[in-house]
Amino acid sequence: MSKVQLPIALNPPFSWNSGDCAQIWQGPSKLIFHDEVLEGVATVKLRMTEHPKWVFDFQPNVAIAEFASLKRNLMDPHSLKNAKLRTDSTLGDLDVDVSNFPNGTIVDCDESDNGMSKSLVYAIFNGLELHGMPLQRGTSSFCGRFEAILPNARITVDKALGLTPKDCTTSILTHIAHVQFDNAVDNKEVGVISELLFRTLSMMRLGWVGLAGPWYFGPDLIPTRIDCVTTKMSRSSGQLGWCQPQMDSSFGELLLCIHNSRIDKQKFDSMIMAMHYTIESEQCSGGIEGALILQQAALECLAWLEMVQTRSIYSNRQFKNINAHGRMRELLSLNNIAYSIPEKAEFLKNYPKNEEGILDLVQILSEFRNALVHSEPKHAVRLFAREHGDEERLELWHFVGMLVQQALLASFGYKGKMLRRDSTKQYAVHAVEQVPWVQGEA
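So, here's what we can say about the structure. Note that the coordinates shown come from a computational prediction; the quantities given were computed from them, not determined experimentally. (Residues numbered from 1 in each chain as written. Predicted model: local features only at pLDDT ≥ 70, side-chain atom pairs only at ≥ 80, totals over all residues. Heavy atoms only, no water.)

**Overview of the overall build of the protein chain**
(1) Moving on: The number of helices and strands found in the protein chain is eleven helices and 15 strands.
(2) Moving on: Across the 442 residues that make up the protein chain, the buried fraction comes to 51%.
(3) Moving on: For the protein chain, restricting intrachain contacts to residue pairs at least 6 apart in sequence, the fraction spanning at least 24 positions comes to 64%.
(4) Moving on: Accessible surface computed for the protein chain: about 21,000 Å², of which carbon and sulfur atoms make up 51%. (Helix = DSSP H or I, 4+ residues; strand = E, 2+ residues; numbered from the N terminus. Buried < 20%, exposed > 50% of the residue type's maximum accessible area, 1.4 Å probe, protein only. Contact = heavy atoms within 4.5 Å. Areas by Shrake-Rupley, 256 points an atom, 1.4 Å probe, with all protein chains shown as cover.)

Here you go:
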């Protein structure tokens, strides 16, 4: 029987042996500081021990003492220490910080004219765990490829070196992404792809996924240009999200949904704001209390988008006259999203009902948020004085997070599957279900 030939895994666009930095480029350069030019040799590196950062070393051809103004400004504690590093066409002109001369940090790169490109590669840090299709690297085989197809491009993401982010690690190179366009595109389209990758991977991980690059490749597979750019990135939180590792098709489905949502810029801007609130709340920004406020902000943002702008159920004035929990309930009901207290919520079941005899996740969230942000301290004191107040807030954050994720996915038009936090199944793989708004359509 002949052996099955697996696809060869993508390699990182740079050599790296798990050290602090990967050397990306080295060559003759000019450091331009105010009106003076210092010639020498620069080495550009991608530092990966903390947040991925582009840095450089500069070895001048002559003694630094000959450049009086440069030396004077480097010693000035109030100087911004900004300069420009002029390299060859691979990197172009770079805005740099030379506070620690002869070392420095790359602040920005010149992306004004990179020409037309068909092939891009990104390095991805702290990406999500998604099993994907089988791959071959050397003599080893493993699962680790997932793909997305756009009208003008195919995006392939491969697991890198078999590494995954751990709670004790700040950043790890986890994936390599290759974008192959059908036809050569300009910088604007490259920027769209960069944002799509960053938003999609971050929404799936419910944490900010770091992207470095891209590297532009010519037909001969030699890099023609490198953008020294990185996105923001967060550590792995360990929080159970909506995307289970065996949901291989979710990447392609969600990326296409986000791509199609860009058609209406005003709607898309609202969804991106809600996504920001969602991911920051999952990172527990501001503690549990701050995360709860962000969750309500996300739901109210999506409620306005759904009921005023998308479905035209209410005018702006009518929408303002609806109280917060009324807005959130209607948003969730429109998408067939249940907001009752889950069976597995041990502490929230004992939370007292309101004056109307209502007790659900939305009502409790609204009461918590009002107690936290309004000026009367007695409300917050009563909230924190509850016997199991800490456990109640933790449960509320956990289960409302699932409501927010569903509402955002529904706004993007996602119709795939999701992992449910409220499931009583023993194993996560059995808690994966079709999203409820598709069930509602059926």
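There is more to say, and it comes next.
**Quick word on the pairing of strand β11 (residues 173–185)**
(1) Moving on: In terms of strand pairing, strand β7 (residues 117–125) meets β11 through eight bridges, oriented antiparallel. Directly across from Y122, in β11, lies its bridge partner A177. (Pairing = 2+ DSSP bridges.)

**Re the nonpolar core**
(1) Moving on: Core analysis: the biggest nonpolar cluster contains 89 residues, and I155, L197, W242 and F251 have the highest contact counts within it.
(2) Moving on: Take this core: its biggest share by element is twelve residues, from helix α10 (residues 389–412).
(3) Moving on: Residues contacting I155, with those up to four places away along its chain left out, are F146, E147, A148, L150, H178, V179, I193, L197, F251 and L255.
(4) Moving on: Core analysis: the second largest hydrophobic core is formed by 35 residues, A22, L94, A160 and F217 among them. (Core = buried A, V, L, I, M, F, W, Y, C linked by side-chain atoms within 4.5 Å.)

**Here we look at the sheet that holds β7**
(1) Moving on: With respect to topology, seven strands assemble into an open sheet ordered β8-β9-β10-β11-β7-β12-β13, the strand pairing being antiparallel. Of all strands in the sheet, those with a lone pairing partner are β8 (133–137) and β13 (223–226), marking the two edges. Across the sheet, the mean angle from the axis of one strand to that of its neighbour is 30 degrees, orientation sign disregarded.
(2) Moving on: Pairing between strand β10 (residues 153–159) and β11: seven bridges, direction antiparallel. What sits directly across from R154, in β11, is Q180.
(3) Moving on: Sitting on the sheet, helix α2 (residues 187–205) touches β7, β9 (140–150), β10, β11 and β12 (210–217), and the angle it makes with β12 is about 145 degrees.
(4) Moving on: Sheet strands touched by helix α3 (residues 250–261): β9 and β10. Its angle to β9, the strand with the most contacts, is close to 25 degrees. (Axes fitted to C-alpha atoms, helices over the stretch in contact; angles between N-to-C directions.)

**Remarks on the pattern of salt bridges**
One side chain can pair with another of opposite charge once the charged atoms of both are near each other.
(1) Moving on: The final tally for this structure, using the stated rule, is 16 salt bridges.
(2) Moving on: Put simply, R154 and E147 hold a salt bridge, and the shortest N to O gap is 3.2 Å.
(3) Moving on: For R393, the salt bridge is made with D390, and the minimal N-O distance between the two is 2.4 Å. With R393 and D390 both in helix α10 and three residues apart, the pair spans about one turn of that helix.
(4) Moving on: Note on R393: relative accessible area 4%, which makes it buried.
(5) Moving on: Here the salt bridges do not stand alone but share partners, grouping E289, D390 and R393 into one network. (Salt bridge = Lys/Arg side-chain N within 4 Å of Asp/Glu carboxyl O.)

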